[in-house]
Amino acid sequence: MRRMGDLLDGYSLAHPYGRNAWDEMFEDRGSPRPGTKALCDILQSLSGAELESRASARDRMFRDRGITFQLSGEERPFPLDLIPRLIVDEEWQELERGIVQRVKALEALLADVYGAGRIFSDGVIPRRLVTSSEHFHRAAWGIEPPNGVRVHVAGIDVVRGEDGHFYVLEDNLRCPSGVSYVIENRRMMARIFPELFASHRVTAVDGYPAKLLEALRAAAPPGVADPTVVVMTPGVYNSAFFEHSFLARQMGVELVEGRDLLCHSGRVYMRTSDGEREVHVIYRRVDDEFLDPLHFRSDSLVGCPGLINVARSGNVTLANAVGNGVADDKLTYTYVPEAIRYYLGEEPILRNVATYRLEDPEQLAYTLARMDELVFKPVSGSGGYGIVIGPEATDEQLASLRQNLTVNPRGWIAQELVALSTAPTWVDNRIAPRHLDLRPFAINDGNGIWVLPGGLTRVALPEGGLVVNSSQGGGSKDTWVIAGSSRRKAKAPTGGHGREVASNAPAPGSSLRRPSGLPVGVFDPEPGPSWEDPDRLHQQERQQQQAGHGQGPLSC
Amino acid sequence: MLSRIAESLFWIGRYVERAEDTARILDVHVHHLLETQVESEAELCARLLAVMGVKAPEADPERLTSQQVVDRLAFDVGNPSSIVSSLVAARANARGVSEAISSELWEALNVTYNTIFAEGTPSTAFSAYSFFRFVKERAAVISGLIDSTMSRDDAWRFMVVGRSLERVDMLARLLAAATSGPEPDWVVLLRSFSAHEAFLRTYRREPEGALAAQFLLLDRLFPRSAFFSLRAAEDCLAELDPISGRLGPSDEGRRVLGRLRTTLEFIQVSELMFELPELLPDLQRQCAAASMAVATRYFRKTNVVEWTMEREGVEGVSSR
C-alpha cells in the first residue's frame, strides 16, 4: 500500500494514439484546473489504504441494497469510481442550453417525420433517410401525442475533445437508461465521502423522479383529471430492471410487466387484486419491437397485445413514443445540426463529432482509404456493440468491415476518432487517468425541457480503453455540477427550464422559522419510573452482604 | 394493487414464516436430542421429516441421523421447502416487487440472502446452531420492518395473510407429529414456538398435554397460537373486501377461515385432546383451501382475453 499523500504524484496524462487527451482535473502535471483544487487537496491527503477501505464499504452497501448488475452471469456491485467528476457551473450552463436546443429540434423533427414531412419537401433531409430506417414505424404515423411530446426522456451522450469542447456523440430518444445510477451514485458518495461534500457546493440530482412524474402526468390523454401512470418493464431479468423498479418506487407508481396489462374495448387495463384498473400513461422501458405482438414481433412475450391500437385511438400515452428510433439513428445524427437550423433558426450550441455518411460514394471512398484512423459504428446498434475502432482493429477485422461497408453502406457511419477526455480514477490501488463520456438526461413535459444537473459519467476502466458502456466492463463516476458563487441562491425555481434549487429550505422570514426564545423541545423527554429506590437498593445490598455472598447486586 | 404483486407479497409472508418456523423446530429438535439420551434418534428424525412433508434422504429409516435431517430441512436447495430455499424464494419474489415494499424490507431480505451465500455453501459456512439463530434473528428483523415501515394497506394485508396461514399450518403439522406417537415432551413443543415462557407466565406450572395444546391452539393473546393467527388472517381478508351482503361475506377464503376460527373459538375445551386427531389434519386442509381461495379471488381475478391473428392481419378480440 502506498504512503499517504502521494497518490496523485505518479499521475501522467494520457495520449491515446498520439493525441493529447483533455484531462478533467489537471491542465498539466501538478496544476489543477479552476474549480478542482479543493478535490485535489483532499485526494492528496488520503492514503491508498483509506481509499481501499472506502471502496469495500461501497461494494458492501451496493450489494446489500441489491444495486448490482450482471456481468458474464455474475452479480456484481455497481462499478462506481471513488473520485467524482467535476463540471463547473459556467461550462454546465452552456452544455445545458445545448441539450435543450437539441432536444427541441429532435422533437420537431419527430413531429415532422410522423406528420407533414416539411423537412423532406424542403429538401433539407432526404426522405429516404427515414423510410430506410428500421426504427421508422408506420404504426406511429398519425399518432398525435396529447401534449405534443414524443421525447419525454432523452439521454444525450457527449464527450469532451482534445480542445476542451463538448461534442455530441449520440442521441438516445427511445429508452435511455442510467438515471437511477446517477441518483444512487450520489447517495453512495454522500455516505462514503461525506467530507468531500463539505468543501463543494454540489447541485442536487434527486429531483429527477418528481420531474419525470410531472412530465408523465402532463402527457395523459385529454380529459383525464387524475391519470394512472405506470412504469412498464420487460421483467426481473432485464439488465436495467433495477432502474425500472427504482423509478416506479421513487414516483410511487406501479411497475408492470406486459402480462399485467390487458387491452379491450379500446383501453388498457392492469390486472389488480381489485379487478381491472385503467391505465393512462405508460412509461415503457420495453423496446418498440417487443411492445405489441400484434403490430411488431409476434413472438414477444414481454409486450401487451393491442397496446398500439389503444395508443392510436388516444386512450393511452406511451412514453417515450413509438418510432422515436428514427431520430436517434446514427445516420440521422449527421443531420441534427441542419435540423436545428431548419426548425429553430439557431446555430447549434453543441457540435457533432465529424461524421461521414457512407452512402455518399465520395465519402465512402475517403473513409475506406483511412480505415485505420476512423471509428466505425453500426447505425442501429447501441450499448457499444459492433463498434470498430480503426487504430485498434486487426487486418482481418478491417477486411471484413470493408466488405460490410461496401455491401451495406446505409448500415454504418464513420467518425473521426475522439480522444475522450480523462479524469483521475481509482484503479488497481492507484489513481490513474481513464477516458470518460457523459450522458445528461433531459425531460420534456410539454412546457419546457429540464436537464438533470450533471448526468451519468461512464468510464472506460481498462487502460487506454475508449469504450465506456457498462456492458463492456465500463465503470461510472458521480458527476458534480459545482454551483457558482453568484448564482442559484437568488434564482427562484422556474417552471420547466429552471434547475432544481434547494426548494425545501425555508425562505428567510417564512413561517417555518422558529420564533426565537423558545426551547427546541416543548417538553423534556419523559423519564420512566425510577429504576430503584436508593434506600431499598442499599438495604438489598446489606441483606446480601449479611448473607455472606460478598457481592453487591450491581456488580454481577 | 397488481395481482402479480399481491401474489408475490402473500408468498414473501409465507416463505419467511416457513423459514423461521423450520428453524425453530429444528433448533429445538437438535437441542432435544443432545440434552436427553433419547431412545431412538432415527425414529424421531423420521417422524419430523414426515410431518414436514419431506422425503427421507436415507433409504433405511433405521439409520437416519439428525445431521441428515438438518441438512435436508435447513440447507438443501433441492428441497423446495428448506430454510435456504424459502429464503431464496422470498428474496426472488421481493426482487420482482421491490417497488411495492419498503426499501428497508427489500434490503433486509437481500442482506439475508447475501449473508447465507457469502462464504459459499451455507451448510459448511454455518454451524447448525448459529444458522438457526441467524434465521430467527433475520425473520424478526423482517417481520419488524413489515410492521413498522409498511402502511396498513393491501400490500401489508397480503403479507400478513400469507404469514398467518403458514403459521397455522406449521403449528398443526408439529402438533400432529407430537401427538401421534408416545406422550411428547411438551416443554420442547412449546419451545419450538417460543411459547414455553409465555405458557409459564400464564399457567404458572409445568406444561402437561391438555394445557399445552390449549395454549398453542386456543390462546386468545399469544401471537403464535392458531386462534390468534387465524383471526389475524381473517381480519385482513375482511379489510380487503369489506362489503358483506345480507347473506354474509362472498369471499370464499374468509368463509373458510371464519368457520375454522369459529370451530376453535367455541370448542369444548375439555374435549380438545380427544378431537385433536381430526382437528389437526383439518386445520392443514382448511389452510390450504383458504390459500387456494385467496389465489383464485385476488391473484387471477380478470377475464382472459384471447387475441387471434386473422389472415389479413386484422386482430379480433374475444372475452371469456
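Just so it is clear, the model here is predicted, and its values are computed rather than measured.

Caption draft 1: Representation of the sheet that holds strand β16 (residues 355–357) of chain A in the model. All names here are of chain A. Pairing is antiparallel in the open sheet, where four strands are placed in the order β16-β19-β17-β18. What marks the edges here is a single partner per strand, and that holds for β16 and β18 (388–389). Across five bridges, the pairing between strand β17 (residues 374–378) and strand β19 (residues 412–416) is antiparallel. Residue valine 375 lies in a different strand from β19, and its bridge partner there is glutamine 415. Of the strands in this sheet, β16, β17 and β19 touch helix α15 (residues 361–369), which is tilted by about 125 degrees from β16.

Caption draft 2: Representation of the packing of aromatic side chains. Applying the stated criterion across every chain yields a total of 25 aromatic pairs over all chains. Measuring from centroid to centroid gives 6.5 Å for tyrosine 208 of chain A and phenylalanine 441 of chain A, while their planes differ by 70 degrees, and the two rings are edge-to-face. Note that tyrosine 208 of chain A is positioned in helix α8 (residues 208–218) and phenylalanine 441 of chain A in strand β22 (residues 441–444), a separation of 233 residues in sequence. The same class applies to tyrosine 208 of chain A and to phenylalanine 441 of chain A, which are both buried. Ring centres of phenylalanine 215 of chain B and phenylalanine 222 of chain B lie 5.2 Å apart, and the angle between their planes is 35 degrees; this geometry places the pair in the tilted category.

Caption draft 3: Structural context of the pattern of salt bridges. Residues and elements named next belong to chain A. All told, the structure shown has 53 salt bridges over all chains when counted by the stated rule. One salt bridge connects arginine 458 with aspartate 437, and the closest N-O pair in it is separated by 2.9 Å. Highlighted residues: arginine 458 in strand β24 (residues 456–460) and aspartate 437 in strand β21 (residues 430–439), separated in sequence by 21 residues. Assigned by exposure class, arginine 458 and aspartate 437 land together as buried.

Caption draft 4: The arrangement of the packing of helix α8 (residues 154–180) of chain B against helix α12 (residues 226–240) of chain B in detail. Residue and element names in this part refer to chain B. One can describe the packing of α8 onto α12 by two numbers: an axis separation of 8 Å at closest approach and a directional angle of 150 degrees. Comparing the axis directions of α8 and α12 gives the class roughly antiparallel. Two packed elements cross with a definite hand, and for α8 against α12 that hand is left-handed. Together, Asp154, Trp156, Arg157, Phe158, Val160, Val161, Ser164, Arg167, Val168 and Leu171 of α8 and Ala226, Ser229, Leu230, Ala232, Ala233, Cys236, Leu237, Glu239 and Leu240 of α12 make up the contact between the two elements. In terms of residue class, the contact of α8 with α12 is built from 13 nonpolar, two polar and four charged.

Cut-off values and rules
Residues numbered from 1 in each chain as written. Chains lettered and ligands numbered in written order. Predicted model: local features only at pLDDT ≥ 70, side-chain atom pairs only at ≥ 80, totals over all residues. Heavy atoms only, no water. Pairing = 2+ DSSP bridges. Helix = DSSP H or I, 4+ residues; strand = E, 2+ residues; numbered from the N terminus. Contact = heavy atoms within 4.5 Å. Axes fitted to C-alpha atoms, helices over the stretch in contact; angles between N-to-C directions. Phe/Tyr/Trp six-rings, centres within 6.5 Å; stacked < 30°, edge-to-face > 60°. Buried < 20%, exposed > 50% of the residue type's maximum accessible area, 1.4 Å probe, protein only. Salt bridge = Lys/Arg side-chain N within 4 Å of Asp/Glu carboxyl O. Parallel < 35°, antiparallel > 145°, perpendicular 65-115°, else oblique. Left-handed = near helix turned anticlockwise from the far one by under 90°. Nonpolar A, V, L, I, M, F, W, Y, C, P; charged D, E, K, R; others polar.

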